[in-house]
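# Geometric and topological summary
Take a look at the letters that make up each chain.
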Amino acid sequence: MTSILLIGTGRMAYHLGHALVKANLPLIGVAGRDPEKLGDLARYLERPAHRLDRALPKADLTIIATSDDSIGQVAAGLSDSGGVVAHTAGAVGLEVLAPHAHRAALWPVQTLSHGAPVDLSDVPMVVDASTAEAREAILRVARAISGSVLQLEHGQRELLHLTAVLASNLPVFLVQEAQRLLRKQKLPPNLLMPLWRLTASKVSTIGPEQALTGPARRGDTSSIRHHLDLLADEPDLRRAYALLSTMMLKAYGHPSDGIADL
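Quick summary incoming for the structure in this document. Keep in mind it's a predicted model, so treat the numbers as computed, not measured.

### Brief notes about the pairing of strand 7 (residues 125-129)
Of all the five residues making up strand 7, five are buried; the element is thus mostly covered by neighbouring parts of the structure. Of the two faces of strand 7, the one carrying Met125, Val127 and Ala129 and the one carrying Val126 and Asp128 are both buried. Inspection of the sheet shows strand 7 paired to strand 8 (residues 149-151) by three bridges, in the parallel sense. Residue Val126 lies in a different strand from strand 8, and its bridge partner there is Leu150.

### Notes on the sheet that holds strand 7
Pairing is mixed across the open sheet formed by eight strands, whose spatial order is 3-2-1-4-5-6-7-8. In this open sheet, the two strands that pair with only one neighbour each are strand 3 (49-51) and strand 8. Within the sheet, the average angular offset between the axes of one strand and its neighbour, ignoring direction, is 25 degrees. By the bridge criterion, five bridges tie strand 6 (residues 103-108) to strand 7 in an arrangement that is antiparallel. Looking at the pairing, Leu106 lines up with Val127 of strand 7. Along the sheet, helix 2 (residues 35-45) makes contact with strand 1 (4-7), strand 2 (27-32) and strand 3, crossing strand 2 at roughly 160 degrees. In this fold helix 4 (residues 132-145) packs onto strand 1, strand 4 (61-64), strand 5 (84-87), strand 6, strand 7 and strand 8, with an angle of close to 170 degrees to the strand it touches most, strand 7.

### Section: the environment of Val85
As for its placement among the helices and strands, Val85 is situated in strand 5. The class for Val85 is buried, based on a relative accessible area of 5%. On a C-alpha basis, the gap between Val85 and Leu139 in space is 13 Å, while along the polypeptide they are 54 residues apart. Those residues in contact with Val85 that lie beyond four places of it in its chain are Thr62, Ile64, Leu78, Leu97, His100, His102, Arg103 and Ala104.

### Looking at the packing of aromatic side chains
Summed over all chains, the structure comprises one aromatic pair. Arranged with centres 5.9 Å apart and planes meeting at 80 degrees, the rings of Tyr14 and Tyr44 form a pair that is edge-to-face. Taken together, the positions of Tyr14 in helix 1 (residues 11-22) and Tyr44 in helix 2 put the pair 30 residues apart, joining distant regions of the chain. Using a relative accessible area of 51% as the deciding quantity, one classes Tyr44 as exposed.

Reading guide: rules and limits
Residues numbered from 1 in each chain as written. Predicted model: local features only at pLDDT ≥ 70, side-chain atom pairs only at ≥ 80, totals over all residues. Heavy atoms only, no water. Buried < 20%, exposed > 50% of the residue type's maximum accessible area, 1.4 Å probe, protein only. Helix = DSSP H or I, 4+ residues; strand = E, 2+ residues; numbered from the N terminus. Pairing = 2+ DSSP bridges. Axes fitted to C-alpha atoms, helices over the stretch in contact; angles between N-to-C directions. Contact = heavy atoms within 4.5 Å. Phe/Tyr/Trp six-rings, centres within 6.5 Å; stacked < 30°, edge-to-face > 60°.

Interpretation note: all reported values are geometric properties and have no functional meaning in isolation.
So this is what it looks like as structure tokens:
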């Protein structure tokens, strides 16, 4: 492989672009629609910027690191040069990259937020491909970026994407909701941060089953009912608390006492 073109100006393109540069891979430029974001990313990566509505340089591998909904449109607008075209979405199939024959997926299983570039060297990198040529190209890139590379077909990628949402996005949202409740009572939201950090550390070292504590884990339905009373003015959060508590009670052999129906 002699050339890689990165399309996108969002968080995925930012973090993946830095990983490509760090791995000394042949990134020949970045492309995008928003001139300001494109210019910023091109400067960060010290690579040429290319407008997506103009002719793009030919590349052996073109990586589309845009939102899931726009992958198909971007792929359809690329000239078919015979090179490999890849996307970075965990749950999207390869057919969205048609009509290109050599299609691939490159998905880092990591939350990518604003801030300093994430070190992807130990982040699981999931790949998929439609042809042997595409597989060889995408594996070469993935292995240069990360020491943990998995080859998964679409159905497996969809399931892994679901579990990533369960393990990352949902807990983060619940932390956000917890902080909102603290703010309503004029309490510092950062009071929860030591708890959050230690919990995450325990989950990663001793596992979630051993790390889990709280009233549902020990079968304390009185505390759960009291918490539900405190959430009387938060109907959506109250239902979520009741359902998750019921799931935990059942998982650890405790009677749920109709809590989910409250």
